Amino acid sequence: PGSQDFGRTRMYFEINDNFSEIPSDAKINSAYLRVYQYTKVDSSAQMGCYKVDEPYNIDTIVYSEAIHLKQTIAGTKSVLDSNIGFHNFDIRETVNDWIRGLSPNYGLCIKPEHEHMAVGAFFTPYSFVGQNVFSPDKAPQIIIDWEIPNPVDKDYPLDNTTINLRT
């Protein structure tokens, strides 16, 4: 009585972007899944962001099925302490693999590192204004910083193009 128990839960994110605006030869400097945690339950809990490695139906997934999905850690800094506020999960390796076609995009999952520990509650794409002071800037998002390596200088002079060859 007087408490809420959501049981064991995970957050799954279907990524509806093929990243076609990013060239396959681009260098991914950083990529983060940014989520906002608005409650904290267990002070020692950690959570991780995982790349889902097999297909599932996001509309019908339930915990008893989710625990059997293959998943791998999404990046080198994808395990964070549970805390109220924004979390930036490193997903650079995952986004890089998706862009280069090295692995299929089945989405992401956030779950406690030890699922017997509760980490708290997060805003999701289904959150609404008024829900625990949700505002659109607290909605989950992916932030990617990329560049084309060694671009050709558009002001490079072409009038003196001498090539010296050796025998």
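For the structure itself, consult the block above.
My aim in this report is to walk through the structure given alongside it, one point at a time.

What counts, and at which threshold
- Sequence positions are assigned chain by chain, starting from 1 and proceeding in written order.
- Reporting in this predicted model follows two pLDDT cut-offs: at least 70 for local features of residues, and 80 or more for side-chain atom pairs to be given and counted; totals over whole chains, interfaces and linings ignore these cut-offs and use all residues.
- To obtain the side-chain values, all non-hydrogen atoms of the structure were included, while hydrogens and water were left out.
- Whether a residue is buried, partly exposed or exposed follows from its accessible area with a 1.4 Å probe, protein chains only, as a fraction of its type maximum: under 20%, in between, or over 50%, in that order.
- The rule for pairing is simple: two strands pair if DSSP sees at least two bridges between them.
- Runs of E in the DSSP output that reach at least two residues are strands. Runs of H or I that reach at least four are helices, and both are numbered from the N terminus.
- Every angle, taken between N-to-C directions, lies between 0 and 180 degrees, and every axis is a line fitted to C-alpha atoms, over only the stretch in contact when it is a helix.
- Whether two residues touch is decided by their heavy atoms; if any such pair falls within 4.5 Å, the residues are in contact.
- Two N or O atoms form a polar contact when they lie within 3.5 Å of each other; inside protein one atom must be a possible hydrogen donor and the other a possible acceptor, and for residues adjacent in sequence the pair counts only when both atoms belong to side chains.
- The aromatic pairing rule takes the rings of Phe, Tyr and Trp, using the six-membered ring of Trp, and pairs them if the centres are within 6.5 Å, calling planes under 30 degrees apart stacked, those over 60 edge-to-face and the rest tilted.
- Any Lys NZ or Arg CZ found within 6 Å of a ring centre and within 35 degrees of that ring's normal is scored as a charge over the ring.
- The nonpolar core is taken to be a set of buried Ala, Val, Leu, Ile, Met, Phe, Trp, Tyr and Cys residues, with the residues joined through side-chain atoms within 4.5 Å.
- Should a side-chain nitrogen of Lys or Arg be within 4 Å of a carboxyl oxygen of Asp or Glu, the pair is scored as a salt bridge.

Before going further, it helps to spend a moment on unusual backbone geometry. Backbone geometry at Phe19 places phi at a positive 60 degrees, although glycine is not the residue there. Classification of Phe19 as buried rests on a relative accessible area of 5%.

Moving on to the sheet that holds strand β6 (residues 85-90). Taken together, 3 strands build an open sheet; the order of strands is β6-β2-β8 and the sheet is antiparallel. Whereas interior strands pair on both sides, the edge strands pair on one side only; in this sheet they are β6 and β8 (141-147). On average, each strand axis in the sheet is inclined to that of its neighbour by 25 degrees, with strand direction left out of account. Judged from the 7 bridges that link them, strand β2 (residues 27-37) and β8 form a sheet pairing that is antiparallel. Considered in β8, the bridge of Tyr32 is made with Ile143. Along the sheet, helix α2 (residues 92-100) contacts β2, β6 and β8; its crossing angle with β2, the most-contacted strand, is approximately 125 degrees.

Here Glu115 is to be found in the loop between β7 (108-112) and β8. Here the side chain of Glu115 touches Tyr63 through a polar contact of 3.4 Å, side chain to side chain.

To continue, consider the packing of aromatic side chains. Tallied over the full model, the rule gives 6 aromatic pairs. Through pairs of rings, three or more aromatic residues link up here, namely Tyr36, Tyr38, Phe86, Phe123 and Phe134. Lying over the aromatic face of Phe86, Arg34 brings its terminal NZ or CZ to 3.6 Å of the ring centre. One cation-aromatic arrangement involves Lys111 over Tyr50; the distance from NZ or CZ to the ring centre is 4.7 Å.

Formed by 24 residues in total, the largest nonpolar core has its most connected members in Phe13, Leu33, Cys49, Ile91, Leu108 and Ile110. Breaking this core down by element, the ones donating at least two residues are β1 (11-13), β2, β3 (46-52), α2 and β7. Considering each element in turn, this core owes the most residues, 4 residues, to β2.

Okay, the pairing of β3 next. Counting buried positions over the 7 residues of β3 gives 6, a clear majority of the element. As defined by bridge partners, β3 adjoins strand β5 (residues 79-81) across 3 bridges and the pair is classed as antiparallel. Pairing of Met47 across the sheet is with Leu80, part of β5. Pairing of β3 with β7, which is carried by 5 bridges, proceeds in the antiparallel orientation. In the strand pairing of β7, Cys49 is matched with Ile110. Note: β3 against strand β4 (residues 71-73), 3 bridges, orientation antiparallel. Following the sheet pairing, Lys51 is matched in β4 by Thr72.

It is worth spelling out the pattern of salt bridges at this point. On inspection of all chains with the given rule, the structure shows 2 salt bridges. Note that Lys51 is salt-bridged to Asp53, the shortest N-O span being 3.8 Å. Asp53 sits in the partly exposed class, given a relative accessible area of 29%.

Listing the buried residues of α2 in full gives Thr94, Val95, Asn96, Trp98 and Ile99. Among the structural elements, β2, β3, β7 and β8 are those in contact with the buried residues of α2. Positioned one or two residues after α2, Gly101 has a phi angle of 75 degrees, which is positive.

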